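Report on the structure
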Amino acid sequence: MKFDLETVLFFSLAVMAIGSAIMMITRKSPITSALYLILNFFTVSGLYLLLKAQFIAIIQVLVYMGAIMVLFLFVIMLLNLQDEKILKEKFTYRKITAVLLSIFLFCLLSFTIYFGFSGKFTAMSDKAVEIGTAEFLGSELFTNFSFPFELASFLLLAAIVGAVVLAKKKFE
Amino acid sequence: MIEINYYLIVSAILFCTGVIGVLVRRNAIVIFMCIELMLNAINLTFVAFSSFMGNVNGQIFVFIVMTVAAAEAAVGLAIVIALFRNKESVNIDEINILKW
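Read on for a plain summary of the structure. Predicted model, so just to flag it, every value in this text is computed and none were measured.

Rules used in this analysis
- Residues numbered from 1 in each chain as written.
- Chains lettered and ligands numbered in written order.
- Predicted model: local features only at pLDDT ≥ 70, side-chain atom pairs only at ≥ 80, totals over all residues.
- Heavy atoms only, no water.
- Contact = heavy atoms within 4.5 Å.
- Buried area = accessible area lost by both parts, 1.4 Å probe.
- Salt bridge = Lys/Arg side-chain N within 4 Å of Asp/Glu carboxyl O.
- Polar contact = N/O pair within 3.5 Å; in protein donor to acceptor, adjacent residues only side chain to side chain.
- Helix = DSSP H or I, 4+ residues; strand = E, 2+ residues; numbered from the N terminus.
- Nonpolar A, V, L, I, M, F, W, Y, C, P; charged D, E, K, R; others polar.
- Core = buried A, V, L, I, M, F, W, Y, C linked by side-chain atoms within 4.5 Å.
- Buried < 20%, exposed > 50% of the residue type's maximum accessible area, 1.4 Å probe, protein only.
- Phe/Tyr/Trp six-rings, centres within 6.5 Å; stacked < 30°, edge-to-face > 60°.
- Disulfide = S-S within 2.5 Å.

Some words on the interface of chain A and chain B
- Taken together, the contact pairs 84 residues of chain A with 71 residues of chain B.
- Sorting the residues of chain A by area buried against chain B places Leu51, Phe72 and Phe121 of chain A first, and these three jointly supply 9% of that buried surface.
- Across the pair Asp93 of chain B and Arg94 of chain A runs a salt bridge, and its minimum N-O distance is 3.6 Å.
- Inspection of the region where chain A meets chain B yields 8 residue pairs in polar contact (both at pLDDT 80 or more).
- Looking at the side of chain A that touches chain B, the elements that each hand over two or more residues are helix H1 (5-26), helix H2 (30-50), helix H3 (54-79), helix H4 (93-117), helix H5 (128-132), helix H6 (134-142) and helix H7 (146-166) of chain A.
- In terms of residues, the side of chain A that touches chain B owes the most to one element, H3 of chain A, which gives 13 residues.
- The residue inventory of the side of chain A that touches chain B, partitioned by class, reads 61 nonpolar, 12 polar and 11 charged.

Here is the structure:
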């Protein structure tokens, strides 16, 4: 493997993504977890840029980091939560089971990836740059995928109404 | 040149980290954040396949997944606020009124 810029960028972004994910699930304070999750989203958006998906990378920054994480931080600060007690206990039965199950899941996934895709898809498609642009995605969204697009807008409307009804003062 | 395997392995590691978070953490909001992490890992897989196969469907799907994640976060956090108002806690061990 030669060490060009793409390789260096990929490995540094991947290490940052995995590190911030691990930091996120081990911090006691929810605010710190949320900030590490924002860092994780940022590195994943860098990986999208490496995959030549510019529009998705920008949408990731705007929607995930801009909208969803602000909502999370707002709710955490509104509720004024305390640190979690369970993370202070060292090794409980539940924790060990969870980690073992996840390692088993990872072994299963990497087994599938190794035997399913090693040797295939070694280079990025020539159309990758063209596909990632806002122009191409927009034209696809409004022609071939107009029905799912409209369904998504309905889903957002339902979510807005549902959130307002659920968070109302009186719970009838 | 980076092969697709590397992206898939990173995505698998992120997904499994999210699974550990959901199983270990007891704070409802942190569990929501771990679910967002898992959705993000899946999005990475979709975009990787989309770029390597030259097919646009994966990126359209990522678009829809982001919409669903936003809707889920809004409704889920509203539920968390309603629960906190009733029980003064977001620890999911104490939220067991539906348990028979």
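Points about the nonpolar core
- With 71 residues, the main nonpolar core has Phe72 of chain A together with Tyr7 and Ile29 of chain B as its most contacted residues.
- Discounting residues that sit within four places of it in the chain, Tyr7 of chain B has contacts with Glu6, Phe10, Leu47, Leu50 and Leu51 of chain A together with Ile2, Leu44, Ala48 and Phe52 of chain B.

What to know about the environment of Leu166 of chain A
All names here are of chain A.
- Its place among the elements puts Leu166 in helix H7.
- By relative accessible area, which is 23% here, Leu166 ends up partly exposed.
- The spatial distance from the C-alpha of Leu166 to the C-alpha of Ile113 is 41 Å, given a sequence separation of 53 residues.

Some thoughts on the packing of aromatic side chains
- Across all of its chains, the model carries 12 aromatic pairs over all chains by this definition.
- Arranged with centres 6.2 Å apart and planes meeting at 85 degrees, the rings of Phe10 of chain A and Tyr6 of chain B form a pair that is edge-to-face. Of the two residues, Phe10 of chain A is situated in helix H1 and Tyr6 of chain B in helix H1 (residues 4-24); the pairing between them involves two chains.
- Judged by relative accessible area, Phe10 of chain A falls into the buried class, the value being 1%.
- The class for Tyr6 of chain B is partly exposed, based on a relative accessible area of 28%.
- In textbook terms, an aromatic cluster arises when at least three aromatic residues are bridged by ring pairs, as seen for Phe10 and Phe11 of chain A together with Tyr6, Tyr7 and Phe52 of chain B.

What to know about the state of the cysteines
- Scanning the entire structure with this criterion turns up 0 disulfides over all chains.
- The cysteine Cys16 of chain B is free of any disulfide, with Cys107 of chain A supplying the nearest cysteine sulfur at 8.6 Å.

Section: the environment of Val65 of chain B
Residues and elements named next belong to chain B.
- Of note, Val65 is situated in helix H3 (residues 57-87).
- Judged by relative accessible area, which is 11%, Val65 ranks as buried.
- Taking the C-alpha atoms as reference points, Val65 and Ile42, separated by 23 residues in sequence, lie 9.2 Å from one another.
- Beyond its immediate stretch of four places on either side in the chain, Val65 contacts Leu39 and Asn43.

Quick look at unusual backbone geometry
- The backbone phi angle of Lys52 of chain A is positive, close to 65 degrees, even though this residue is not glycine.
- By the element assignment, Lys52 of chain A lies in the loop between H2 and H3.
- Backbone geometry at Glu88 of chain B places phi at a positive 60 degrees, although glycine is not the residue there.
- Checked against the element boundaries, Glu88 of chain B lands in the segment after H3.

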